[in-house]
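Architecture at a glance
Letter by letter, the chains look like this.
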Amino acid sequence: MSQRIKIKALLESEQTGIDIKINGWVRAFRQNRFIALNDGSTNNNIQIVVDFENTDPNLLKRITVGAAISVTGELIASLGKGQKVEIVAKDIEILGDCDPEKYPLQLKNRPSLEFLREIAHLRFRTNTFGAIFRVRNSLAFAVHQFFQERGFIYLHTPIITASDAEGAGETFHVTNFDLANPPKTESGEVDFSQDFFAKATNLTVSGQLEGELGAMALSDIYTFGPTFRAENSNTTRHLAEFWMIEPEVAFNDLNDNMDLAEDMLKYVIKYALDKNAEDIEFLTQRLAEEEKQKPQNERSEMSLLEKLQFCLDNDFERLTYTEAIDILKESTPNKKKKFQYPVEGWGTDLQSEHERYLVEKHFKKPVILTDYPKEIKAFYMRQNEPDANGRETVRAMDILFPGIGEIVGGSQREERLEKLEQRMDEMGIPKDELWWYLDTRRFGACPHAGFGLGFERLVLFVTGMGNIRDVIPFPRYPKNAEF
RNA sequence: UCCUGAAUAGCUCAGCCGGUUAGAGCAUCUGACUGUUAAUCAGAGGGUCGCUGGUUCGAGUCCAGCUUCAGGAGCCA
């Protein structure tokens, strides 16, 4: 018995006249004769030709959409149009039956993305989700390759943490207590000193603070792991469980940080374009079909493929928050009062509509905004000297992508102990809980910078999908933890 | 969490001003055909109209509450 070969390798070799063995799932069985077989290695199917007149009818009946089969036969140049090669079956074995009356993914059905989300355990078997998860895989690999090539250390920061200090959002609690009857202190509060970790713990909302600790010795580190936010966010851009990439680099300033982020994004997008050309072509078609449903003025000017290529060919636009406010104030929609939130003063955070205007209308490319007002940013960001007007900003940077919004958030960190402590006091961050973080500012502190990249938002952008719940295999969001 | 909209067959949807037995396409099943590739042709089966209550002689249709979903907003990555 010959070794099993994957369909991707088979279609690439096109070496005809040899006997091969192929395993996969039936996508279609036409005219009792032609099987379209897929094994997930590529979006393309291989056509199996069955000699139905000399095949057991009971076997033919079991070749149904979704069934797992093993085929041995000869690879030949196709006698029909539509494919270069096909397999003339000599032996077909049913590995797993699939009852067509119950199987929801029949070839000619047009299931909605919402319906497929309800059968997420099966949606990998569609062309769209096959393509998405192959692209996701490539992007994840490319992230590691990018950092590894540059000598970064992959640092595993903890999933369970005790600090809720960063203020990055609501946390999920981690406890071993019997929730109906937790031990109480004399004052009636839950007594976490008796819990597993002898203190209140939660799932991490960010590995950044621990990442900084690593960078203060290893120089260049990155994390790539799951992150949890218990925010009641019901949007196409948020998940309760998502994967985040967080590099942290000693001796980098904000400009180095921006260069790193831009290089990384371009690197991984290019990798996916090279590695997953067929999948991205398919996703480009899918998006074009979807956009046909929209009115003309809501369709994007570029196809997905063009958008990705454009992203590689152009520098991201870099400007300060203050400059962005000036542009927005003078913008047509602001003057015509088209914004739901008019841009008036300096100091408030930008609304989604403002970010979208800058990225999609004004610059028409990815934008990096820097130097945000100190008041709207986290405590650990490095403080700038006040400007001539006495405005106080921090060395923050957000990268905004078309259709996605904020994909990266980062900053140069405040390495000066005094400034950091002062800011923590102002913001009510408990210094005693973060004694270990402050120690890095006591022992050999140095300038450093880092950022967080929401991996699913990157996958959203590269696949052209519209809902973040469709680019992670089993999405976690409010009221949903099926599968 | 807020705003807006939606929920009808396995899927995608139609169902008008409240009126007999709720429709279509696809899928499924049966048969025909056999170089198809969203195969084609003929026939058949398939429904607690999301849930609870209300208005009415009569509710898929109107009203209220709930649940879930979608889009937008906030929070953010």
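All values derive from a computational prediction rather than experimental measurement.

Before going further, it helps to examine the overall build of chain A. Assigned secondary structure in chain A consists of 14 helices and 16 strands. For chain A, the spread of C-alpha atoms along the principal axes amounts to about 85 × 60 × 40 Å. Every one of the 483 residues in chain A was classed for burial, and the buried ones make up 49%. On chain A, roughly 24300 Å² of surface is accessible, and the fraction owed to carbon and sulfur atoms is 49%.

The next point concerns helix 9 (residues 321–330). Of all the positions in helix 9, only Tyr-321, Ala-324, Ile-325 and Leu-328 are classed as buried. All buried residues of helix 9 lie within an arc of 100° about the axis, which places them on one face of the element.

Turning next to the packing of aromatic side chains. A full pass over the atoms with the stated rule returns 22 aromatic pairs. Aromatic pair Phe-146 and Tyr-267: ring centres 5.3 Å apart, planes at 65°, arrangement edge-to-face. In this pair, Phe-146 is assigned in helix 4 (residues 127–149) and Tyr-267 in helix 6 (residues 254–275), connecting sequence segments 121 residues apart. Their ring planes at 65° and their centres at 5.0 Å tell us that Phe-224 and Phe-455 sit as a pair that is edge-to-face. Placement of the pair is Phe-224 in strand 10 (residues 220–228) and Phe-455 in helix 14 (residues 455–463), with a sequence separation of 231 residues. Note on accessibility: Phe-224 and Phe-455 belong to one class, buried.

Here strand 3 (residues 46–49) runs beside strand 5 (residues 85–96); their pairing, made up of three bridges, is parallel. Note on strand 5: the bridge partner recorded for Gln-47 is Glu-86.

Here the focus is the sheet that holds strand 4 (residues 68–77). Strands pair in a sheet through their backbones, by hydrogen bonds, and they do so in one of two ways: parallel or antiparallel. One closed barrel accounts for five strands, arranged 1-2-3-5-4; its pairing is mixed. Taken over all neighbouring pairs, the strand axes of this sheet differ in orientation by 55° on average, direction set aside.

On the surface, a nonpolar cluster with roughly 380 Å² of combined accessible area is contributed by Ile-159, Ile-160, Phe-196 and Phe-197. Within the fold, Phe-197 resides in the loop between strand 8 (173–174) and strand 9 (201–203). Phe-197 gets classed as partly exposed once you look at its relative accessible area, which sits at 38%.

Any two side chains of opposite charge can pair, given that their charged atoms come close. Inspection of the entire model under this criterion finds 34 salt bridges. Of the charged contacts, one joins Glu-262 and Lys-266 as a salt bridge, the two residues approaching to 2.9 Å between their closest N and O atoms. Residue Glu-262 and its partner Lys-266 are both found in helix 6; the two are separated by four residues, about one turn of the helix. One network of salt bridges, in which partners are shared, links Asp-259, Glu-262, Lys-266, Asp-315 and Arg-318.

Residues of chain A with pLDDT of at least 70 account for 99%, and the chain-wide mean is 94. Across the whole predicted complex the pTM is 0.95, and at the interface the ipTM reaches 0.93.

Further remarks concern the sheet that holds strand 7 (residues 160–161). Reading across the sheet, the three strands line up as 7-9-8 and stay open at both edges, with antiparallel pairing between neighbours. Each of the sheet's edge strands pairs with one partner strand only, and the pair in question is strand 7 and strand 8. Pairing between strand 8 and strand 9: two bridges, direction antiparallel. From the neighbouring strand, Val-174 faces strand 9, where its bridge partner is Thr-201.

With that settled, the discussion passes to the packing of helix 7 (residues 277–292) against helix 8 (residues 304–313). Their axes nearest at 8 Å, the elements helix 7 and helix 8 cross at an angle of 120°. The angle between helix 7 and helix 8 places the two elements in the oblique class. Across the interface between the two elements, Ile-280, Glu-281, Leu-283, Thr-284 and Leu-287 from helix 7 touch Leu-304, Leu-305, Lys-307 and Leu-308 from helix 8. Tallied by class, residues from the contact of helix 7 with helix 8 come to six nonpolar, one polar and two charged.

Attention now moves to the nonpolar core. With 88 residues, the main nonpolar core has Ile-35, Ile-269, Ile-399, Phe-401, Leu-458 and Val-462 as its most contacted residues. Ignoring sequence-local partners within four residues, the contact set of Val-462 consists of Val-135, Leu-139, Ile-269, Ala-272, Ile-280, Leu-304 and Leu-308. Membership of the second largest hydrophobic core comes to 28 residues, among which are Tyr-357, Leu-369, Tyr-372 and Leu-438.

Cut-off values and rules
Residues numbered from 1 in each chain as written. Chains lettered and ligands numbered in written order. Predicted model: local features only at pLDDT ≥ 70, side-chain atom pairs only at ≥ 80, totals over all residues. Heavy atoms only, no water. Helix = DSSP H or I, 4+ residues; strand = E, 2+ residues; numbered from the N terminus. Buried < 20%, exposed > 50% of the residue type's maximum accessible area, 1.4 Å probe, protein only. Areas by Shrake-Rupley, 256 points an atom, 1.4 Å probe, with all protein chains shown as cover. Arc of directions from axis to C-beta. Phe/Tyr/Trp six-rings, centres within 6.5 Å; stacked < 30°, edge-to-face > 60°. Pairing = 2+ DSSP bridges. Axes fitted to C-alpha atoms, helices over the stretch in contact; angles between N-to-C directions. Patch = residues over 30% accessible without salt bridge, like charges linked within 9 Å, V, L, I, M, F, W, Y side chains within 5 Å. Salt bridge = Lys/Arg side-chain N within 4 Å of Asp/Glu carboxyl O. pLDDT = per-residue confidence, 0-100. Parallel < 35°, antiparallel > 145°, perpendicular 65-115°, else oblique. Contact = heavy atoms within 4.5 Å. Nonpolar A, V, L, I, M, F, W, Y, C, P; charged D, E, K, R; others polar. Core = buried A, V, L, I, M, F, W, Y, C linked by side-chain atoms within 4.5 Å.

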